[in-house]
Amino acid sequence: IIGKEGRNIRYTRSKDGRTVYGIVMHWPDAALAVGEVAFQALSGKPVTRVRMLGLEQELAFRQADGALRIEIPARLRDPANRPCTWGHAFKLTLG
């Protein structure tokens with residue numbers, strides 16, 4: 001683990017530094033009210049792709065207000081549609 005954000009997010013990265021994994025320890029229920037989850041620790045680092053491990057599609061995202069904001073697909077609001085129960089991992093490719 002290369003860092004953490006609060007009590008809920010941990011980070012690790014690939015050896016070449018091009019990929020960061022943001023691991024959310026619990027489903028971001030509060031984020032679902034706005035349909036996104038934000039990673040503050042990536043402020044200033046350009047991200048080119050975002051995926052949630054266990055899903056095939058890339059996720060929409062934007063970098064604004066000092067954070068990477070990832071849009072959570074509406075279908076994932078139902079726990080039965082999530083790729084796992086705990087430890088949701090986001091693969092963040094840096095540019």
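Whatever comes next refers back to the structure up there.
About the thresholds
Residues numbered from 1 in each chain as written. Predicted model: local features only at pLDDT ≥ 70, side-chain atom pairs only at ≥ 80, totals over all residues. Heavy atoms only, no water. Helix = DSSP H or I, 4+ residues; strand = E, 2+ residues; numbered from the N terminus. Buried < 20%, exposed > 50% of the residue type's maximum accessible area, 1.4 Å probe, protein only. Contact = heavy atoms within 4.5 Å. Areas by Shrake-Rupley, 256 points an atom, 1.4 Å probe, with all protein chains shown as cover. Core = buried A, V, L, I, M, F, W, Y, C linked by side-chain atoms within 4.5 Å. Salt bridge = Lys/Arg side-chain N within 4 Å of Asp/Glu carboxyl O.

Comments concerning the overall build of the protein
- Secondary structure assignment for the protein yields 1 helix and 8 strands.
- Seen in sequence order, the protein has helices and strands lined up from the N terminus as β-β-β-α-β-β-β-β-β.
- In the protein, which comprises 95 residues, the proportion classed as buried is 38%.
- In the protein, 57% of the contacts between residues at least 6 apart in sequence involve partners at least 24 apart.
- Accessible surface, the protein as shown: approximately 5600 Å² in total, 50% of it carbon and sulfur.

So, the nonpolar core
- One finds Phe 39, Val 50, Ile 70 and Phe 90 to be the most contacted residues of the largest nonpolar core, which totals 19 residues.
- Sorting the residues of this core by element identifies strand 2 (9-13), strand 3 (19-24), strand 4 (36-39), strand 5 (47-52), strand 7 (67-71) and strand 8 (88-94) as the ones contributing at least two each.

Some remarks on the environment of Gly 54
- Note on placement: Gly 54 falls in the loop between strand 5 and strand 6 (61-64).
- Taking the relative accessible area as the measure of exposure, Gly 54 reaches 64% and is therefore exposed.
- When the C-alpha positions of Gly 54 and Cys 84 are compared, they lie 7.8 Å apart, and in sequence the two are 30 residues distant.

With respect to the pattern of salt bridges
- Within the structure shown, the criterion is met by 1 salt bridge.
- A salt bridge links Arg 49 to Glu 58, with the shortest nitrogen-to-oxygen separation between them at 3.0 Å.
- Given the relative accessible area of 44%, Glu 58 is considered partly exposed.

Section: the environment of Val 50
- Within the secondary structure, Val 50 sits in strand 5.
- Residues Val 50 and Phe 90, 40 residues apart in the sequence, show an inter-C-alpha distance of 6.8 Å.
- Contact partners of Val 50, with chain neighbours within four places excluded, come to Glu 58, Leu 59, Phe 61, Leu 68, Ile 70, Phe 90, Lys 91 and Leu 92.

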